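# Observations on the model geometry
The chain contents come next:
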Amino acid sequence: MTPRSLFALLALSSTDACTMYGVSRTASADGSTMVSHSDDGAGDSDSRLSYVPPARHKSGSMRDIYPTIDEYPKFIGDAFGKTFLPLPGQALTKPIGQIPQVEATHGYYLNGYAIQNDCELSFGESTASAVFRADAVGTPNGTALLAIEELSHLAAERVCTAREAVQLMGDLAVQYGFFGPDGGAGEMLVVGDPDEVFVFHILSDPTARSAIWAAQRVPEGEVMVAANHFVIREVDLDDADRFLGSPHMHRVALQHGLWDGRGKLDFTAAFSLGEYGNKYYSGRRMWDGFRRFAPSVALPPAYNSTDPWSGLKESRPYPFSVPPDAPLALTDLLAAHRSHYEGTSFDMTRGVAAGPFGSPDRYAVPGTPGDTKRGAWERSVAIYRAAFAWIAQAGGSADRDRKQDSAVVDRDSAAASGAVALQKLLPDPPPEETGALRRGDRGDGCGCRSKIWFGPADPATTVFVPLSVCAGPPPEQYTRGGPGKVDRESAYWAHRYTQNLAQVRYSAMIVDIRAHSLEWEEQGAALALQIGTLQCGGGAPGQGQAASPPPDALQHLRGDSAPSLRRQIERHAAAVLASTWALTDDLVGKYADGGEAAPRAGLERRQAVAVSNLGYSSEWLAAAGFDSGPARIEGHIAAEATPGWLERQQLLGRTEPAVAAVAFPAPSLRGADTEAQRQDAARAPQTLRVVAVLAFAAAVVAAAAVAAAVRRVAASTRAVLPLADSAEYQQVA
């Protein structure tokens, strides 16, 4: 390994640690394709969601290319929707180059990466290590123009199928150069449309001015898992149905000793630098996905490696994809993204590291004062520092037996030109912001059936809500939220607040949090069903609607006679936000001070509650050495100190003699030198009791005398009071 390559491996940061799944349409329960992504950033991540509307562009115009910025704000300007418009004092993000613009572009949702466009093209992302690096134009020695964010944007703007998208992104990267994050990492995308799902790998080439890439189709009836490590193995470019890629990859691999030229080129073995962070950083998450989706395959959780980072490359413990044991539903992917390996031998809610209340979260150690430069935590799928996660669905039940329309762009000419023209140009005038550019050629309306399930912050404690590109801009709650300051109008902050609050007593609170998520996700599913039945032309596919909907195709959804799709989504988002903030108050009220408050039987919750002390588990108390703490005194002295109590406790060995001296400052039994002194000492407690009784009797007599005096004064007062009403008294006053 060269120092240059080693730097590329070690420079990778936790901000690029993401997990993605890809489900083919015949592996899903409803016939949709599903692609997912978790953005596992850090406290300075930008979680804001934005919408880029469809647009028409002047012939010969140029499209600005922007740099990759991981932290907040990741972009400032108007090129990617209203979310990123500048605030007072903010400087605009400057482009680092340009490429030719196309005549018309699709509308789409994005955060850093494109999520889904208005013709059902969907994306998920995960960074991976790579053997070659390049830097961005505009940085010292920078020579490459395109990063994975802009590649996904360009694909979302210009094409409608996954096959077109991977070809376009690969061709543009070869032409203009690719650079990865954190000093040159490679990148992966899972790209889906209603018919196909592809996995896309890319890295810089040795010149730092081009790119090496490959794409493999997920077989029908199968699901793939990737987590910060390349997964494409043998590449067969002669099999154009399954593989696409840069033709020069074989030559580069031979020239640099990455392949011996025998058999098919193993893309991962040649171009990956393995896992980063620690061994099992990627592999454990891959194992978890496969054991969830296909437990019958029984893949191993461990693997051999020459070096800690090389195990997945060398041992090849996991396949590219597997058939699931049962068709996968949305809930299966939600559960996978929320995993901390619960119920397995790697369960992160168990053991001393989980703390007294079973928290699966392990805060970063490298670079902190306690860092020993050795060891690592397990890397869970769900993670506290996540900025967001999404699951994008395309197609659905109606697509299960539908054949792809013949009116698709000629792929050979697309590959030759490095750009794919839109199948339908925008009609005049330009569309409204809510979007009118739709593929139409599929014969299935406008892609309104596609859905994005978006969950801000940690997937384990968030609520995933359904969104639709057809509705235009996302709800405002999902366009807000920066680091360092709680924003009560931000969905990201509501869920991040919940996640942090859960650390107070995770094992108990997560039950309430999951119930809250389930309740709102079930309501979201009902809304998603409405999205899934919408057609921009106002009818079912094949029932005579226009092939290309007019600019006001969504007006029937926005009219006064019925709530618009956007308004329904906004109402749902607002209700989820309000309910989540209310949940945080309920959690504090219920679990304050180590207890659990529950309504008393027969009474309203807020009228009266019973509070029980939850304490700690016996396992954690043993691990913490609780039994070695100060000796416990059984019983309460104020209630138990009856005559002879101290002597009984001493005989039972429950108190030390020093306690006796403090409790009874009478002559010490141990200090008696003569028989008389011993007898006096023995009589001392009885004497004290007699004195106490006499004192009590005297106090009672005194109290009775005081009470009699008070009664006499009161009688005298009553005799005088009538005078206050007399005229003479009033005159004197």
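Rules used throughout
- The written sequence of each chain sets the order in which its residues are numbered from 1.
- This being a predicted model, a pLDDT of at least 70 is required before a residue's local features are given, and a value of 80 or more before pairs of side-chain atoms are given or counted; all residues contribute to the totals for chains, interfaces and linings.
- Heavy atoms throughout the structure, all of them, feed into the side-chain values; hydrogens and water do not.
- Any two cysteine sulfur atoms lying within 2.5 Å of each other are counted as a disulfide.
- Working definition: helices are DSSP H or I runs of at least four residues, strands are E runs of at least two. Numbering for both runs from the N terminus.
- Accessibility here uses a 1.4 Å probe with only protein chains present; expressed as a share of the type maximum, an area under 20% marks a residue as buried, one over 50% as exposed, and anything in between as partly exposed.
- What qualifies as a polar contact is a pair of N or O atoms within 3.5 Å, subject to a donor-acceptor requirement within protein and to the restriction that residues adjacent in sequence count only when both atoms come from side chains.
- By definition in these notes, contact holds between two residues if any of their heavy atoms fall within 4.5 Å.
- By nonpolar core we mean a set of buried residues, namely Ala, Val, Leu, Ile, Met, Phe, Trp, Tyr and Cys, connected to one another through side-chain atoms within 4.5 Å.
- Per residue, pLDDT measures the predictor's confidence, with a range of 0 to 100.
- Note on definitions: angles span 0 to 180 degrees between N-to-C directions of axes, and those axes are lines fitted to C-alpha atoms, for helices only across the stretch in contact.
- For classification purposes, an angle smaller than 35 degrees is called roughly parallel, one larger than 145 roughly antiparallel, one from 65 to 115 roughly perpendicular, and anything else oblique.
- Left-handed describes a crossing whose near helix is turned anticlockwise from the far helix through less than a right angle; right-handed describes the clockwise counterpart.
- Amino acids are sorted into nonpolar (Ala, Val, Leu, Ile, Met, Phe, Trp, Tyr, Cys and Pro), charged (Asp, Glu, Lys and Arg) and polar (every other residue, Gly among them).
- Any carboxyl oxygen of Asp or Glu within 4 Å of a side-chain nitrogen of Lys or Arg constitutes a salt bridge here.
- Only strands that DSSP links by at least two bridges are regarded as paired with each other.
- Throughout, the protein atoms alone are placed on a 1 Å grid, and a set of points is a cavity if a 1.4 Å probe fits but cannot get out or a pocket if it is open with protein on both sides within 12 Å along at least five of seven lines; lining residues have an atom within 4 Å of a point.
- Grid points are joined across faces, edges and corners, and a volume is the space filled by probe spheres set on the points.
- Ring geometry is summarised as follows: Phe, Tyr and Trp rings, the Trp one being its six-membered ring, pair when their centres sit within 6.5 Å, and such pairs are stacked at plane angles under 30 degrees, edge-to-face over 60 and tilted between the two.

## Examining the state of the cysteines
Under the criterion given, the structure shown has one disulfide. Note that Cys119 is cross-linked by a disulfide to Cys160, the S-S spacing being 2.2 Å. Taking the sign of the torsion about the S-S bond as the criterion, the disulfide between Cys119 and Cys160, at about -100°, is left-handed. One end of the pair, Cys119, is in the loop between strand S9 (114–117) and strand S10 (122–128); the other, Cys160, is in the loop between helix H2 (148–158) and helix H3 (162–176), and 41 residues separate them in sequence. Comparing Cys119 with Cys160, the two get one shared label, buried.

## Section: the side chain of Asp371
For Asp371, the position within the fold is in the loop between helix H9 (330–337) and strand S19 (388–395). Among the polar contacts listed, one links the side chain of Asp371 to the backbone nitrogen of Gly367, at a separation of 3.1 Å. A distance of 2.8 Å separates a polar side-chain atom of Asp371 from the backbone nitrogen of Lys373. Look past the residues within four positions of Asp371 in its chain and what remains in contact with it is Val365 and Pro366.

## What to know about the nonpolar core
Note that soluble globular proteins tend to have their nonpolar side chains buried in a common cluster. Counting residues in each nonpolar core, the largest one holds 134 residues, and the members touching the most others are Leu151, Val191, Phe200, Ile202, Phe267 and Phe271. Setting aside its immediate chain neighbours within four residues, Ile202 contacts Ile148, Leu151, Ala173, Phe178, Gly186, Glu187, Ala211, Ile212, Trp213 and Phe230. Residues Leu501, Tyr506, Leu583 and Leu587 belong to the second largest nonpolar core, which totals 12 residues.

## With respect to the environment of Ser36
Summarising the element assignment, Ser36 is placed in strand S2 (residues 32–39). The exposure class assigned to Ser36 is buried, which follows from its relative accessible area of 0%. Expressed as a C-alpha distance, the spacing of Ser36 and Phe454, which sit 418 residues apart in the sequence, is 9.9 Å. Beyond its immediate sequence surroundings of up to four residues, Ser36 is in contact with Thr19, Met20, Tyr21, Gly124, Glu125, Val190, Leu333, His337, Trp390 and Ile391. In this structure the side chain of Ser36 is engaged in a polar contact, spanning 2.8 Å, whose partner is the side chain of His337.

## Looking at the confidence of the model for the chain
On average, residues of the chain score 82 in pLDDT, and 73% of them reach the 70 mark or higher. Low pLDDT (under 50) marks residues 658–673, which in the prediction has 14 contacts with non-local residues, meaning those over four places away or in another chain. Residue range residues 717–733 is modelled with pLDDT below 50. Its contacts to residues more than four positions away, or to other chains, number four contacts.

## Things to note about the packing of helix H7 (residues 283–293) against H9
In the contact formed by H7 and H9, the axes pass within 10 Å of each other and the chain directions differ by 150°. Classified by the angle between their axes, H7 and H9 sit roughly antiparallel to one another. Crossing of H7 over H9 shows right-handed handedness. The segment H7 lies against H9, with Asp288, Arg292 and Phe293 engaging Asp332, Leu333, Ala335 and Ala336. Taken together, the residues of the contact of H7 with H9 break down into four nonpolar, no polar and three charged.

## Some details on H2
For H2, a buried count of 11 out of 11 residues is recorded, marking the element as mostly surrounded by other parts of the structure. Residues of H2 that are buried: Ile148, Glu149, Glu150, Leu151, Ser152, His153, Leu154, Ala155, Ala156, Glu157 and Arg158.

## So, the pattern of salt bridges
A full pass over the atoms with the stated rule returns 25 salt bridges. In this structure, Arg48 and Asp46 form a salt bridge, with 2.8 Å as the shortest nitrogen-oxygen distance. By relative accessible area, Arg48 is classed as buried at 7%. With relative accessibility at 2%, the residue Asp46 sits in the buried group.

## Focus on the pairing of S2
The two faces of the sheet receive side chains in turn, since in a regular strand these alternate between them. Extensive coverage of S2 is indicated by the burial of eight of its eight residues. Residue alternation in S2 divides its side chains into two sets, Ser32, Met34, Ser36 and Ser38 and Thr33, Val35, His37 and Asp39, and both sets are buried. Pairing of strand S1 (residues 20–23) with S2 involves two bridges; the strand directions are antiparallel. Counterpart to Gly22 in the pairing with S2 is Val35. Examined bridge by bridge, S2 and S19 share eight bridges and lie antiparallel to one another. Within S19, the residue paired with Ser38 across the bridge is Ala389.

## Regarding empty space enclosed by the protein
Throughout the structure, instances matching the rule amount to four cavities of 30 Å³ or more. Approximately 300 Å³ is the volume attributed to the largest cavity. Around the largest cavity, the lining is made up of 26 residues, and of these Thr68, Ile69, Lys74, Gly112 and Glu149 lie nearest the centre. Top contributing element to the lining of the largest cavity by residue count: H2, with three residues. Here the residues of the lining of the largest cavity are counted per class, giving 10 nonpolar, seven polar and nine charged. Along its surface, the second largest cavity is lined by His229, Phe230, Val231, Arg233, Met286, Leu312, Arg316, Pro317, Tyr318 and Pro319. For the lining of the second largest cavity, a count of residues per class yields seven nonpolar, one polar and two charged.

## Observations concerning the packing of aromatic side chains
Remark: the centre distance and the inter-plane angle together describe each pair of aromatic rings, the angle taken between the planes. Going through the model one piece at a time under the given rule, you end up with 22 aromatic pairs. Seen in terms of ring centroids, Tyr21 and Phe293 are 5.4 Å apart; in terms of plane orientation they differ by 85°. Their pairing is edge-to-face. Note that Tyr21 is positioned in strand S1 and Phe293 in helix H7, a separation of 272 residues in sequence. Exposure class is identical for Tyr21 and Phe293. Each is buried.

## Focus: the environment of Leu621
Tracing the backbone through its elements, the reader meets Leu621 in helix H15 (residues 618–623). Excluding residues that lie within four positions of it along the chain, Leu621 makes contacts with Tyr616 and Phe626.

## Overview of unusual backbone geometry
What you tend to see is this: most non-glycine residues have negative phi, and most peptide bonds are trans. Cis geometry is found at the peptide bond from Tyr72 to Pro73, where omega equals -10°. Note that Pro73 resides in the loop between strand S5 (62–65) and strand S6 (97–100). Backbone geometry at Asn228 places phi at a positive 60°, although glycine is not the residue there. Its location among the elements puts Asn228 in the loop between strand S14 (223–226) and strand S15 (234–235).

## Notes on the sheet that holds S19
Paired through backbone hydrogen bonds, the strands of a sheet run either parallel or antiparallel to each other. Judged by pairing direction, the sheet is antiparallel, and its seven strands sit side by side in the order S18-S14-S1-S2-S19-S20-S21 without closing on themselves. Each edge of the open sheet is held by one strand with a lone partner, namely strand S18 (321–322) and strand S21 (465–467). Strands S1, S2, S19 and strand S20 (451–456) of the sheet are contacted by H9, whose axis makes an angle of about 15° with S2.

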